[in-house]
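Chain and residue survey
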Amino acid sequence: MTKEVKTEGIVTGGVNPLTLISGPCMIESRDLCFQVAETVKSICDELGVQYIFKASYDKANRLSATTPRGPGISEGLKILSEVKEQFQIPVLTDVHEVYQAAEAAAVVDAIQIPAFLCRQTDLVVAAAKTGKTINIKKGQFLAPSDMSNIIKKVESTENTNILVTERGASFGYGNLVVDMRSLAIMRDMGYPVVFDGTHSVQRPGGLGTSTGGDREFIPHLVRAACAVGIDALFLEVHPNPSQALSDSATMLPLAELKKVLQQAVNIDKMVRVEQFLQ
């Protein structure tokens, strides 16, 4: 059984029900964030799922210099603060540079370390020193066992509010695969494990100047991950993914979230019963 990690009123891990980390990939507008937060919160309340809102104020890891990046840290954090206050839910965002950690921590409840930056020691330590929950995305280039070293970087600051996220591994050029063994390997490290069902279906560089993907496989991977055993799901959602400014090929349509989440909850309940009997 994994440790319990507290993020405001949400407790992830241990015997607690699934946590969902979800929102649009990028903060495109205040209205979009409010629409997504309201809809997802309603679904989670109905299904008994804990909810943390996620959106990025800056998509720094873009394939092309000409693609949109978001509103920037000041405007983005303002919108995240409004989402938090309006819907009374914790909020999460990612940071890309050391100086952003403290500024983000003044607003958000959880800080995410992007997969491409997960080995950047100064960034990981700066985020950890805020005392916030730290969600570490496992790099596409890392073995799951490598995550133990990154966990130790966070622990070196005496912060043990740690989540670790599987988001697929590079499989040649322009493709990712999910090795479901990684969920069990990382869970044995003691901290709650998150499965990112949307980034895991990416095809990096698949659209030439942006990342492609196969969103039709999201429900399949989510079901498989829940059967292995996880503590939280990460799903980026959008009312109209094809019109999204980031990750348009891999975000789950908002209208499909309830069905996917209901299946996840049903499988998670069965798996947890088996774990308790061991």
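A short tour of the structure in this document, coming up. Nothing here was measured: the structure is a model prediction, and the numbers come from that model. (Residues numbered from 1 in each chain as written. Predicted model: local features only at pLDDT ≥ 70, side-chain atom pairs only at ≥ 80, totals over all residues. Heavy atoms only, no water.)

Here we look at the overall build of the protein chain
Within the protein chain, the secondary structure is distributed over 8 helices and 15 strands. A compact globule built from 278 residues would reach a C-alpha radius of gyration of about 19 Å, and the protein chain, at 17 Å, matches this within 12%. Taking the principal axes of the C-alpha coordinates as reference, the protein chain spans close to 50 × 45 × 40 Å. When each of the 278 residues of the protein chain is scored for burial, the buried share is 56%. The long-range fraction of contacts in the protein chain, counting pairs at least 24 apart against all pairs at least 6 apart in sequence, stands at 69%. (Helix = DSSP H or I, 4+ residues; strand = E, 2+ residues; numbered from the N terminus. Rg over C-alpha atoms; globule rule 2.2 N^0.38 Å. Buried < 20%, exposed > 50% of the residue type's maximum accessible area, 1.4 Å probe, protein only. Contact = heavy atoms within 4.5 Å.)

Here's the deal with helix 7 (residues 218–228)
Those residues of helix 7 that fall on the buried side of the exposure criterion are Ile-218, Pro-219, Val-222, Ala-225 and Cys-226. An end-on view of helix 7 places all buried positions within 130° of arc, on one side of the element. In the segment just after helix 7, Gly-229 is the residue with positive phi, at about 120°. (Arc of directions from axis to C-beta.)

Here we look at the pairing of strand 6 (residues 110–113)
Side-chain alternation along strand 6 places Ala-110 and Gln-112 on one buried face and Ile-111 and Ile-113 on a second face that is also buried. Pairing between strand 5 (residues 91–94) and strand 6: 3 bridges, direction parallel. Bridging across to strand 6, Leu-92 finds its partner in Ala-110. Traced from strand 5 through helix 3 (residues 100–105) to strand 6, the parallel crossover comes out right-handed. In terms of strand pairing, strand 6 meets strand 7 (residues 133–137) through 4 bridges, oriented parallel. Bridged to Ala-110 within strand 7 is Thr-133. (Pairing = 2+ DSSP bridges. Right-handed = clockwise from strand over helix to strand, strands pointing away.)

A few points about unusual backbone geometry
For Gln-88, which is not glycine, the phi dihedral falls at a positive 55°. Following the sequence through the fold, Gln-88 ends up in the loop between helix 2 (73–87) and strand 5. On the basis of relative accessibility, which here comes to 65%, the residue Gln-88 falls in the exposed class. Although it is not a glycine, Asp-247 adopts a positive phi angle of roughly 55°. Along the chain, the position of Asp-247 falls in the loop between strand 14 (232–238) and strand 15 (252–253).

Concerning the side chain of Lys-59
Tracing the backbone shows Lys-59 in the loop between strand 4 (50–54) and helix 2. Lacking a salt bridge, the buried Lys-59 has Asp-94 as its closest oppositely charged neighbour, with an N-O distance of 4.3 Å. (Lys, Arg positive; Asp, Glu negative; His and termini not counted. Salt bridge = Lys/Arg side-chain N within 4 Å of Asp/Glu carboxyl O.)

A word on the packing of aromatic side chains
On inspection of all chains with the given rule, the structure shows 1 aromatic pair. Lying across the ring of Tyr-191, Lys-3 places its NZ or CZ 4.2 Å from the centre. The positively charged end of Lys-137 is found above the aromatic ring belonging to Phe-234, 4.1 Å away from the centroid. (Phe/Tyr/Trp six-rings, centres within 6.5 Å; stacked < 30°, edge-to-face > 60°. Lys NZ or Arg CZ within 6 Å of the ring centre and 35° of its normal.)

So, the pairing of strand 4
With 5 of 5 residues buried, strand 4 is to be regarded as a mostly interior element. The alternating pattern of strand 4 places Gln-50, Ile-52 and Lys-54 and Tyr-51 and Phe-53 on opposite faces, both of which are buried. Examined bridge by bridge, strand 4 and strand 5 share 2 bridges and lie parallel to one another. Paired with Phe-53 across the strands is Val-91, a residue of strand 5.

Comments concerning the side chain of Asp-94
Assignment of secondary structure puts Asp-94 in strand 5. A distance of 2.8 Å separates the side chain of Asp-94 from the side chain of Ser-56, its partner in a polar contact. Ignoring sequence-local partners within four residues, the contact set of Asp-94 consists of Ser-56, Tyr-57, Lys-59, Gln-112 and Pro-114. (Polar contact = N/O pair within 3.5 Å; in protein donor to acceptor, adjacent residues only side chain to side chain.)

Remarks on the environment of Met-26
In this fold, Met-26 is placed in the loop between strand 3 (19–23) and helix 1 (30–47). Once the C-alpha coordinates of Met-26 and Gly-139 are considered, the two residues, 113 residues apart in sequence, prove to be 20 Å apart.

As for the environment of Ile-150
In this fold, Ile-150 is placed in helix 5 (residues 147–155). According to the relative accessible area criterion, Ile-150 is buried, its value standing at 3%. Measuring from C-alpha to C-alpha, the distance between Ile-150 and Ala-127 comes to 12 Å, with 23 residues separating the pair along the chain. When sequence neighbours within four positions are dropped, the list of residues in contact with Ile-150 reads Cys-118, Arg-119, Val-124, Ile-136 and Leu-142.

This is a description of form; function is not addressed.
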